[in-house]
Amino acid sequence: MESDTDISNVVLVTVDSLRADAIGAYDAQRHTPVMDRIAERGTVFERAFANGNWTPFSFPSMLSSRPVFSDSDEVGISESPTLASALSEAGVATGGFNAANGFLTSHWGYDEGFDEFEPFVASVGSSIYSRYLATHPTVEAWLQLATSPLRRAGSWLRGDADDRPFLDTSRMFDVEHASTEFIEDADEPFFLWVHYMDAHTPYVPAPRYIREVSSNVLGTHRMLLAHTRTGLGWEVGDRTLADLRTLYQAAVRQVDASVGRLLDTLDEEGVADETAVVLAGDHGEEFQDHGHLAHYPKLYDELIRVPFVVDVPGAESRRVEQQVALDSIPPTVTDLMGVDADADWRGDSLAPTVLDGEEPDDEPVVSVTVRGESVTAQPIPRSLDDGDLLVSVRDRDWTYVENVDTGATELYHRPSDPGQQDDRSDDPTPEEQALVDRFAPLVDEHASAIRDRNGATTERDVDEDLGARLEALGYK
């Protein structure tokens, strides 16, 4: 299908660890004015779900519309047809800039099809100091927070804003500057992918954003204490948990402000009216919703339900109730740009929904993860051989989770149990058993599709810098 819009360009903004309820479009109590403006203009998908619980399990669907492990025994898209390749072959200028997530590099195939690609991973540095900080980001958080009163005073004396972190731990400014230059230099049409890491642990936002989301009531000492407790593995009580949530929301607001500057660049270059903006989280974040922090291998809503917004200039604003998956991103982008989708992509284009209000297919969404002997076991699974395969299926109201290797199942009714704490699979009613009977074959079909490929498992070594960045994210 060729687009009937005047869209020449697409900017895809992805935010690591972004829960749906972290932005105002999904929770009115949140302070994300830029993302909320995008949502007010565009189409908000109320029930958008990631196809995996963390970056390497989610992004194969987001940038190649293929489930993780569908083309290789390891995470990555080296063997998959990518969105950037489809666009580049059609004459679209492509740029991709990733804030040092080691799982989104050329090692895993994410540079394929990009004319300009920079993951900002290889600049760890050779000094003992720089390499130590690269693998101990919580220390960077302590340094930033401990020095923030001095920086705030210095900024006040100089008349400067304090919106820049002391240490650009998240590489936000590197990504922002590279993206801005790409927009300024690109000949139309262009596709730009920008990936932010600020909402990933550790949360180290600039002081001004902490004040914005906390009404200026939280002191630096409490932020330091929150990082200390998590960094040392101490018990996290309600107050510390609340402080961590505040830091997380401040980090989201920091991304929000950066996105605003990118939109300003589109305006300044005179291309805003012909540029669609797609916003999505790659997965969510847990704040002890099911007993842990961050994003360990689970398939509950705090990790799987994400924001997904598509803003096409001139299209009516909408809110869509049907569930959709992030594997819809590649075919939606190509559809908006009048480029043919790859025949091997699994997702469906949502352009008809965005442009004309057509209801998307109300099909269940499937997500996967791999869990080792312990839910917090290291190393983070990178292949199907690293643990049990867990598969979830979601429709409008129900979540079904099955451990394919052990046969253990879970069933949750989200409208009455939004936190997914009441497992109904042990003693299901006849109606609930009928749901299990409907969902279980989808699990079997998905598990078979990613396990029954030909070819042997391959283990690829990572270089020293990439290994350091993966360890910085907690991925050994």
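First, a word on scope: everything that follows refers to the structure included in this document. (Residues numbered from 1 in each chain as written. Predicted model: local features only at pLDDT ≥ 70, side-chain atom pairs only at ≥ 80, totals over all residues. Heavy atoms only, no water.)

Side note on the layout of surface pockets
Then comes step 1: Each pocket or cavity is described by its volume, and for the second largest pocket that value is around 750 Å³.
Then comes step 2: Taken together, 31 residues line the second largest pocket, and the ones lying closest to its centre are D327, R346, D348, E363 and P364.
Then comes step 3: Contributions of two or more residues to the lining of the second largest pocket are made by helix 2 (55-64), strand 10 (318-325), helix 12 (351-356), strand 11 (365-371) and helix 13 (430-451).
Then comes step 4: Looking at side-chain class alone, the lining of the second largest pocket contains 14 nonpolar, nine polar and eight charged residues. (1 Å grid on protein atoms, 1.4 Å probe; cavity = no way out; pocket = protein on both sides within 12 Å on 5 of 7 lines; lining within 4 Å. Points joined across faces, edges and corners; volume = space filled by probe spheres on them. Helix = DSSP H or I, 4+ residues; strand = E, 2+ residues; numbered from the N terminus. Nonpolar A, V, L, I, M, F, W, Y, C, P; charged D, E, K, R; others polar.)

A look at the sheet that holds strand 1 (residues 9-15)
Then comes step 1: Reading across from one edge, 4-3-5-1-6-9-2-10 is the order of the eight strands in this open sheet, with mixed pairing throughout. Since the sheet does not close on itself, it has two edges, and those belong to strand 4 (116-118) and strand 10, each with one partner. In this sheet, adjacent strand axes meet at a mean angle of 15 degrees when their direction is disregarded.
Then comes step 2: As paired strands, strand 2 (residues 43-49) and strand 10 are joined by six bridges and run parallel to one another. Counted as the bridge partner of F49 is A325 from strand 10.
Then comes step 3: On the sheet, helix 9 (residues 238-268) packs against strand 1, strand 5 (190-196) and strand 6 (275-281) and is oriented at approximately 165 degrees with respect to strand 5.
Then comes step 4: Across the face of the sheet, helix 11 (residues 329-336) comes into contact with strand 1, strand 5, strand 6 and strand 9 (308-311) while running at roughly 175 degrees to strand 6. (Pairing = 2+ DSSP bridges. Axes fitted to C-alpha atoms, helices over the stretch in contact; angles between N-to-C directions. Contact = heavy atoms within 4.5 Å.)

Some thoughts on the nonpolar core
Then comes step 1: Ranked by size, the top nonpolar core spans 66 residues in total, and within it F45, F191, W193, F308, V312 and V333 carry the most contacts.
Then comes step 2: Per element, the largest residue contribution to this core is seven residues, and it comes from helix 13. (Core = buried A, V, L, I, M, F, W, Y, C linked by side-chain atoms within 4.5 Å. Buried < 20%, exposed > 50% of the residue type's maximum accessible area, 1.4 Å probe, protein only.)

Here we look at empty space enclosed by the protein
Then comes step 1: Scanning the model with the defined rule gives two cavities of 30 Å³ or more in all.
Then comes step 2: The volume enclosed by the second largest cavity comes to roughly 30 Å³.
Then comes step 3: Lining the second largest cavity we find L63, I77, T82, A84, Y110, E112 and F114.
Then comes step 4: Residue composition of the lining of the second largest cavity, grouped by class: five nonpolar, one polar and one charged.

Looking at the pairing of strand 1
Then comes step 1: With respect to burial, strand 1 is a largely interior element, seven of its seven residues being buried.
Then comes step 2: Side chains N9, V11, V13 and V15 project from strand 1 onto one buried face, and the interleaved V10, L12 and T14 project onto a second face that is buried too.
Then comes step 3: Pairing of strand 1 with strand 6, which is carried by seven bridges, proceeds in the parallel orientation. Bridged to V10 within strand 6 is A276.
Then comes step 4: Alignment of strand 1 against strand 5, held across six bridges, turns out to be parallel. In the sheet register, V10 faces strand 5, and the bridge partner there is F191.

From the geometry alone we can't say anything about function, so treat these as descriptive.
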